[in-house]
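Observations on chain architecture
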Amino acid sequence: MSDVLDSYPLLLRGAWTTVQITLYGAAFALVLALLFGLAGASRSAALRAVNRIYVEFFRGVAALVLMYWFFYALPLLGLRFTPIAAAVLAIGLNYGAYGAEVVRGSIKAVPRAQWEAACALNFTAGQRMRRVLLPQATALMLPPFGNLLIELMKATAGVSLVSIADLTFRAKQIQASTGQTAATFAVILVIYFVIAQALQVLVRLAERRTERMLGRRPQARPIPIAATTGEVMAP
Amino acid sequence: MNWDWNYTGRLIPDLLDGLRVTVTATLFGYLIALALGLVWALLRRSPSRVVGQTVRWVTEFVRSTPLLVQLFFIFYVLPAWGVTLGPLTAGIVGLGLHYSTYTAEVYRAGIEDVPRGQWEAATALNLPRRRVWFGVVLPQAVRRVVPTLGNYLIAMFKDTPFLLGITVTELLGKAFDQGAHTLKYLEPITVAGLFFIVVSILSSLALRRLEKRYATD
């Protein structure tokens, strides 16, 4: 056990790589999810078809297969990425497809009266989306996004198979040099668990912020009763 | 580089072989996930707080750590403790264990969805505990969650490539081996990817039909 803990610099470097790939992948996936999710919720049949093709294709293919494809097959077609870029691309495209479904579903789930009210107030299509529909849809998106983020983080372990030095890869190195199989894998399982919990806390903070923004949750500091009732307090 | 159709044709039988391994692992893993998930869901409702909380944290732990590392653990660590499993068996156990933590949540939601009146009626009829669960609650709970459970079958199918990490030559592993042999990775990995897409799209279509049959409302 102490042998394993002695190699903590390696573990920390690996964990940092895992966190980086997770965050880059999540950022890329989020952009794709918003783009294709909006396309899926639009009234144009062509845009909806684009959404369907993207979602069905990239949801159907396994993340690891995509990663192998970017890593081994694409260079043969003359497209060469750095290993990390290939991993981020594969993970982002895959989870972006799941995210796009979440975005589309959330926009559709905002009560129709909100859309009608925005029309009645003569909002343009852009204003309707930006000021009325998206803010409310965001509150619906965040919980499923939190789950997807954990899934995405877990999928990054696959990059160790294409020899990117993430946490799992470092664990295999440490296991080979110390021979302490059980301790090594137990330690990194715990590290992964801690990363997952930290990500969950971040998502929960974002959820609270969004709800407060929408006025669905009391302010951080309650307003004193005197101020709301308009009573004048003695100085 | 151009696409080599002859080479592709020669690859197909081998890749189909890999697909068979993938499907076998998925189906057996799924059986474990269905059974074990129910065990977790029932244990979480145990009257003992210790049992309930332990199961809650264990499943939370398994659910938020990578399948690949769990597979390594089962395949490389368990032999030291006297349990030696072949690669495919270890893979099936790993998949089953990992996904049982998801199905447990699904069952739990299904059980909580069973109307209170059903429980009360079962108590009023003085049914034994066993019949309350197996005659009244579970049949209604499971029926509600069949579509969700089906989604996890497809999710699991797409996670089987991780088994190549513990030397199972499933579909992607076969494709990779073929590519490594000839140094032409494009065709095998592309075809493997297409197989994955075709199988998962076909199974989600089948699932949608199943959903209609089991729809409660």
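First things first, this report covers the structure right here in the doc. (Residues numbered from 1 in each chain as written. Chains lettered and ligands numbered in written order. Predicted model: local features only at pLDDT ≥ 70, side-chain atom pairs only at ≥ 80, totals over all residues. Heavy atoms only, no water.)

So, on to a positive patch on the surface. Residues and elements named next belong to chain A. On the surface, a cluster of positive charge is made up of Arg204, Arg208, Arg209 and Arg212. With respect to the helices and strands, the residue Arg204 is situated in helix H9 (residues 181–213). Judged by relative accessible area, which is 47%, Arg204 ranks as partly exposed. (Patch = residues over 30% accessible without salt bridge, like charges linked within 9 Å, V, L, I, M, F, W, Y side chains within 5 Å. Areas by Shrake-Rupley, 256 points an atom, 1.4 Å probe, with all protein chains shown as cover. Salt bridge = Lys/Arg side-chain N within 4 Å of Asp/Glu carboxyl O. Lys, Arg positive; Asp, Glu negative; His and termini not counted. Charge placed at Lys NZ, Arg CZ, Asp CG, Glu CD. Helix = DSSP H or I, 4+ residues; strand = E, 2+ residues; numbered from the N terminus. Buried < 20%, exposed > 50% of the residue type's maximum accessible area, 1.4 Å probe, protein only.)

For side chains of opposite charge, pairing can occur when their charged atoms come near one another. For the coordinates displayed, the defined rule picks out 15 salt bridges over all chains. We note a salt bridge from Arg104(A) to Glu101(A), for which the minimum N-O separation is 3.3 Å. Of this pair, Arg104(A) and Glu101(A) both sit in helix H5 (residues 83–109), 3 residues apart, which is roughly one turn of that helix. Accessibility expressed as a relative area gives 25% for Arg104(A), which makes it partly exposed. Taking the relative accessible area as the measure of exposure, Glu101(A) reaches 18% and is therefore buried. Put simply, Glu105(B) and Arg44(B) hold a salt bridge, and the shortest N to O gap is 3.5 Å. On the criterion of sequence distance, the pair formed by Glu105(B) in helix H4 (residues 87–113) and Arg44(B) in helix H1 (residues 5–44) is long-range, its members being 61 residues apart. For Glu105(B), a relative accessible area of 27% corresponds to the partly exposed category. What emerges from the salt-bridge pattern is a single network uniting Arg44(B), Glu60(B), Arg63(B), Glu105(B), Arg108(B) and Glu112(B).

All names here are of chain A. Taken together, the side chains of Leu23, Tyr24 and Ile84 present a nonpolar region at the surface, about 280 Å² in accessible area. Within the element layout of this structure, Leu23 appears in helix H2 (residues 8–41). Looking at Leu23, the relative accessible area reads 43%, which means it is partly exposed.

Our next topic: the environment of Leu19(B). Residue and element names in this part refer to chain B. Here Leu19 shows up in helix H1. Overall, the relative accessible area of 15% leaves Leu19 in the buried class. The spatial distance from the C-alpha of Leu19 to the C-alpha of Leu172 is 8.6 Å, given a sequence separation of 153 residues.

Before going further, it helps to examine the nonpolar core. Judged by nonpolar contacts, the single largest core of 107 residues is most densely connected at Tyr54(A), Leu64(A), Met67(A), Tyr68(A), Tyr95(A), Phe185(A) and Ile188(A). Of all the elements, H5(A) adds the most residues to this core, at 12 residues. When near neighbours in sequence (up to four residues on either side) are disregarded, Ile188(A) contacts Leu11(A), Leu167(A), Thr168(A), Ala171(A) and Val69(B). Val132(B), Trp133(B), Val137(B) and Leu138(B) belong to the second largest nonpolar core, which has 8 residues in total. (Core = buried A, V, L, I, M, F, W, Y, C linked by side-chain atoms within 4.5 Å. Contact = heavy atoms within 4.5 Å.)

Turning our eyes to something else, we now look at the interface of chain A and chain B. Contacts between the two partners involve 38 residues from chain A, matched on the other side by 36 residues from chain B. Summed over both partners, the interface of chain A with chain B buries about 3300 Å², with 77% contributed by carbon and sulfur atoms. Looking at the side of chain A facing chain B, the largest losses of area belong to Leu76(A), Lys154(A) and Leu189(A), adding up to 18% of the total buried there. Of all the secondary-structure elements, those providing two or more residues to the side of chain A that touches chain B are helix H3 (45–60), helix H4 (63–73), helix H7 (125–155), helix H8 (167–178) and H9 of chain A. Top contributing element to the side of chain A that touches chain B by residue count: H9(A), with 12 residues. Of the residues assigned to the side of chain A that touches chain B, the class counts are 26 nonpolar, 7 polar and 5 charged. (Buried area = accessible area lost by both parts, 1.4 Å probe. Nonpolar A, V, L, I, M, F, W, Y, C, P; charged D, E, K, R; others polar.)

Let's shift gears to the packing of aromatic side chains. Residue and element names in this part refer to chain B. All told, the structure shown has 23 aromatic pairs over all chains when counted by the stated rule. Taking 5.9 Å as the distance between ring centres and 45° as the angle between the ring planes, the aromatic pair formed by Phe72 and Tyr76 counts as tilted. Residue Phe72 and its partner Tyr76 are both found in helix H3 (residues 67–77); the two are separated by 4 residues, about one turn of the helix. For the pair Phe73 and Trp81, a centre-to-centre distance of 6.0 Å together with 75° between the ring planes defines the contact as edge-to-face. (Phe/Tyr/Trp six-rings, centres within 6.5 Å; stacked < 30°, edge-to-face > 60°.)

The subject of this paragraph is helix H7 (residues 171–182) of chain B. Its 12 residues give H7(B) an end-to-end C-alpha distance of 17 Å, which sits within 8% of 16 Å, the value for a rise of 1.5 Å per residue. Those residues of H7(B) that sit buried are Leu171(B), Leu172(B), Gly173(B), Lys174(B), Ala175(B) and Gly179(B). Those residues of H7(B) that are buried are in contact with H4 of chain A together with H1 and helix H8 (186–214) of chain B. Where H7(B) begins, one side-chain oxygen reaches toward the backbone nitrogen of Leu172(B), 3.1 Å away; that side chain belongs to Glu170(B). Positive backbone phi, at 60°, marks Leu183(B), one or two positions downstream of H7(B). (Expected span 1.5 Å × (residues − 1). Polar contact = N/O pair within 3.5 Å; in protein donor to acceptor, adjacent residues only side chain to side chain.)

What follows concerns the environment of Ile195(A). Residues and elements named next belong to chain A. With respect to the helices, strands and loops of the structure, Ile195 is situated in helix H9. Judged by its relative accessible area of 13%, Ile195 is buried. For the pair Ile195 and Pro111, spaced 84 residues apart in sequence, the C-alpha separation works out to 36 Å. Residues in contact with Ile195, not counting those within four places in the same chain, are Thr18, Val19 and Met153.

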